[in-house]
Structures are given as C-alpha cells and as structure tokens.
Amino acid sequence: MNTGSIKPTPIHKLDDNELFSLYVKREDMIPYSFGGNKARKALLFFEEIDRLGADVVVTYGSSHSNHCRVVANMAAARNIPCVIIGPEEVSDTTYNSVLMELFGAQIITVPVEKVHDTIEAELERLRKEGKNPYFIMGGGHGNIGTEAYVRCYDEIADYEKETGIHFDYIFFASGTGTTHAGLVCGQILEASKNGASKDRKIIGISIARKNPRGRDVVLDSIYEYLEAKEISFDRKDVEEKTIFIDDYTGDGYGKENKDIENTIKDAMIKYGMPLDVTYTGKAFCGMKDYIRKNNLADKNILFIHTGGTPLFFDFLSGAAK
Ligand SMILES: *Cc1c(COP(=O)(O)O)cnc(C)c1O
C-alpha cells in the first residue's frame, strides 16, 4: 500500500442534539493497520525508507504507541526488522504492544532517561554490522510527518469546495504536535495559493504537554517545514494561527477520568464511533467543553478523529488503567 492508493478519509456529520453542525473526519478509517494519523505519517516515511533501501527501521515509543504498531506492521510487510526502544515506565501489555509482538518487532525497554543513548547505541551497532538503518522519531515527528498533515488539510479544503461547507473550527488531539503543524502549514499554503482565504481557527487540544513548551514545539515544526520548503511566512501570522489549548490534559498522558470515560461511552452510543482515553476521547471531551465555554455551538465544527482504535479496546477491557 502506498499513499497514492489512499482515498481521502470520510468526513461526515454527527447527529448531535447540542451541536447542530458538528462534523468528523475519520482518519481512523485509513485502510491500513487500524488507520489513524500514525498510519498517514508512516505511509510517507516508508516511501522514503523504500527509496533509500533501508534494511532495518528503528523508532521510539511506549507499549501504548499507535505509531510503533503501524511502523512495526509496515516493516513486517516488507520483511525488514523493526527495533522499538520504549520507556520502562510505560511498558504494560496493551493491544498495540501485542500487535507489535505479532509483527515480530524487537522491543528494547529501558528507563526513560536512557532512551536517547540507547537509540544512538543501537543505530551505531547496526551500522557496524553493515546495516543501513532508518530512524523514525517518536510519533512520526519531523517534516515528513508534517507533510502528511498538509495533505490532510488539502483533503479538508477539497471537501469544502465540493460541498460549499466552510469549517469555522477544526479540533483534534495534539501530542508531538506534528499533526497540528501540518494542518497550520496547510492553511498557510492555501492562503499563499488562493490569496486570503476565509478565516478559520485550528485548535489543538493538548493531551499531555503544557504551554508554553507544547505550543513552541508546534511552532518549531511549522518553521522547520516552511523553511525546508522555502515558503516565505510571517512569524506573527504563524503564531496567531497556532492555538494550543492545555486546559484538558487532566493528570497527564494516558490518564483517564470520569469525564473522558463518559465521553467515550456517549460517543459510542450516540454516533457508533470509538474514542480512546489518551487521545481522541480526551480531545473530544475538551472540544465540547471549549465549545460550551466560548459559545460556538452555532459554528461549523470539524473534529479530526486521529485514530487509536486498539486503545479503544484497551478502554473496553479495562487495560488502560
Ligand atoms: C499520536 C496521536 C495523536 C497526536 O498526534 P501528534 O501528531 O503526535 O500530535 C492524536 N491521536 C492519536 C490517536 C494518536 O495516536
């Protein structure tokens, strides 16, 4: 499977008695390894891996990582080894970790402060063995990951052109910030092509990081991408467009609470749509609160469902505790 064979993911309206114009873009329906934003990013990373003829893939992530599951799947399909370095602190068994094992990934678990050095040592060892390893940053961070979400933004813009609907707000779960950066870059590129486009707000709901660092990471990714593409931009404009809300991180990464649990149950019952504790459930719950507090119920709103279906099943089986 390559990116050329992927159709735009579906956008549809949710039947909601509070929000009359709430739409969702189902990235979880990308037809590879339960989809999600990590599948969209990994498809692009593997185009480069194939081009470079890399013969082993090294990446980083916890036992809950959607990114590691998808990367392990794509490596296994190519019959090339996949080495995953993960933090001891988050190494419990989950559906994602079981899948990583099924794909035959080699998982190296070390205390979180040793992760960086372990990655370096592993890459060094592989090169000494005469291998040509390819390293993917955790979560598919970097310009390739950003590019994946510029393309997602283009799909949204195409949908708007076809239907005449304009989304005033786009919400999604923001983690490493790559998805967020890609969407903002997409908006900047659209404006540079078509002149001043109708305004909209792109709002990342942080699932863990706090401001100012969380937003700074997104901004750095945006600048890095635009500079690499030699696209001129105005820093003030980029800063205004980058909205990173850290009010809904709760107790931190992967931590559930009653509100999130109820949001997940509610979304499954009302829309038949699975969400998870770490990302989509947290963001959906935060989005609804944000809409209420800012009186946005009459706006056209798009929620990007960024995937994580195996985490939904962890929630169901109570494994995500
Ligand atoms: C990784 C992930 C995110 C966050 O994406 P980033 O690009 O890292 O900000 C959101 N939702 C799901 C389901 C994810 O797996």
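Residues numbered from 1 in each chain as written. Predicted model: local features only at pLDDT ≥ 70, side-chain atom pairs only at ≥ 80, totals over all residues. Heavy atoms only, no water.

Here's the deal with the domain arrangement of the chain
Right, on to step 1. Domains assigned within the chain are domain 1 (3-35 + 142-319) and domain 2 (39-140).
Right, on to step 2. Listed as interface residues are 31 residues of domain 1 and, on the opposing side, 26 residues of domain 2.
Right, on to step 3. Interface area for domain 1 against domain 2, summed over the two sides, is near 2,200 Å², with a carbon-plus-sulfur share of 60%.
Right, on to step 4. At the junction of domain 1 and domain 2, the tally comes to two salt bridges. (Domains from an automatic or database assignment. Contact = heavy atoms within 4.5 Å. Buried area = accessible area lost by both parts, 1.4 Å probe. Salt bridge = Lys/Arg side-chain N within 4 Å of Asp/Glu carboxyl O.)

Looking at helix α10 (residues 280-293)
Side chains that are three or four residues apart share a direction in an α-helix, a result of its 3.6 residues per turn.
Right, on to step 1. Its 14 residues place the ends of α10 20 Å apart at the C-alpha level, agreeing with the 20 Å of an ideal helix rising 1.5 Å per residue.
Right, on to step 2. The buried fraction of α10 amounts to 12 of the 14 residues, a majority that puts the element mostly inside the structure.
Right, on to step 3. Every buried residue belonging to α10 is among T280, G281, K282, A283, F284, C285, G286, M287, K288, D289, Y290 and I291, and all of these are buried.
Right, on to step 4. Packed against the buried residues of α10 are β2 (22-26), β7 (169-174), β8 (201-206), β9 (243-245), α9 (258-271) and β10 (301-305).
Right, on to step 5. Looking at the residues trailing α10, positive phi occurs at N295, about 50°. (Helix = DSSP H or I, 4+ residues; strand = E, 2+ residues; numbered from the N terminus. Expected span 1.5 Å × (residues − 1). Buried < 20%, exposed > 50% of the residue type's maximum accessible area, 1.4 Å probe, protein only.)

Some details on α9
Right, on to step 1. The terminal C-alpha atoms of α9 lie 19 Å apart, and with 14 residues this matches the ideal 20 Å at 1.5 Å per residue to within 8%.
Right, on to step 2. Looking only at α9, the buried set comprises I260, E261, T263, I264, A267 and Y271. Looking straight down α9, one finds its buried side chains confined to an arc of 160°; they lie on one side. Those residues of α9 that are exposed and angled more than 90 degrees off the buried face are K258, D259 and I269.
Right, on to step 3. Where the residues of α9 are buried, they touch β2, α10 and α11 (309-317).
Right, on to step 4. N-capping of α9 is provided by N257, with a side-chain oxygen placed 3.0 Å from the backbone N of D259. (Arc of directions from axis to C-beta. Polar contact = N/O pair within 3.5 Å; in protein donor to acceptor, adjacent residues only side chain to side chain.)

A word on the site of the ligand
Right, on to step 1. Around the ligand, the structure places 15 residues, and the nearest of them are K38, G175, T176, T179 and T306.
Right, on to step 2. One of the side-chain nitrogen or oxygen atoms of K41 is found 2.7 Å away from an oxygen atom of the ligand.
Right, on to step 3. In the complex, the protein chains occlude 98% of the 380 Å² of accessible area that the ligand would expose alone.
Right, on to step 4. At a threshold of 2 Å from the grid points, most atoms of the ligand map onto the largest pocket. (Near = heavy atom within 4 Å. Areas by Shrake-Rupley, 256 points an atom, 1.4 Å probe, with all protein chains shown as cover. 1 Å grid on protein atoms, 1.4 Å probe; cavity = no way out; pocket = protein on both sides within 12 Å on 5 of 7 lines; lining within 4 Å. Sits in = over half its atoms within 2 Å of the grid points.)

Details of the packing of helix α6 (residues 178-194) against helix α7 (residues 213-228)
Right, on to step 1. Contact geometry for α6 and α7: axes closest at 9 Å, N-to-C directions at 50°. With respect to α7, the element α6 is oriented oblique. As for the relative orientation of α6 and α7, their crossing is right-handed in sense. Counted together, H180, A181, V184, C185, I188 and L189 of α6 and V218, S221, I222, Y225 and L226 of α7 form the full contact between these two elements.
Right, on to step 2. Its residues placed into classes, the contact of α6 with α7 shows nine nonpolar, two polar and no charged. (Axes fitted to C-alpha atoms, helices over the stretch in contact; angles between N-to-C directions. Parallel < 35°, antiparallel > 145°, perpendicular 65-115°, else oblique. Left-handed = near helix turned anticlockwise from the far one by under 90°. Nonpolar A, V, L, I, M, F, W, Y, C, P; charged D, E, K, R; others polar.)

Things to note about the state of the cysteines
Right, on to step 1. For the structure shown, the criterion picks out zero disulfides.
Right, on to step 2. Left without a disulfide partner, C82 is nearest to the cysteine sulfur of C68, which lies 7.3 Å away.
Right, on to step 3. Take C82: its relative accessible area is 5%, and that puts it in the buried class.
Right, on to step 4. With no disulfide of its own, C185 lies 13 Å from the sulfur of C152, the closest cysteine sulfur. (Disulfide = S-S within 2.5 Å.)

Observations regarding the sheet that holds strand β5 (residues 106-110)
Right, on to step 1. With respect to topology, four strands assemble into an open sheet ordered β5-β4-β3-β6, the strand pairing being parallel. Where the open sheet ends on each side, the last strands, each with one partner, are β5 and β6 (133-136). Here the strands of the sheet are splayed against their neighbours by 20° on average, with no regard to which way each runs.
Right, on to step 2. The pairing of strand β4 (residues 82-87) with β5 spans five bridges and is parallel. Bridge pairing in β5 places I85 opposite I108.
Right, on to step 3. With respect to the sheet, helix α2 (residues 66-77) is in contact with β3 (56-60), β4 and β6, its orientation differing from that of β3 by roughly 175°. (Pairing = 2+ DSSP bridges.)

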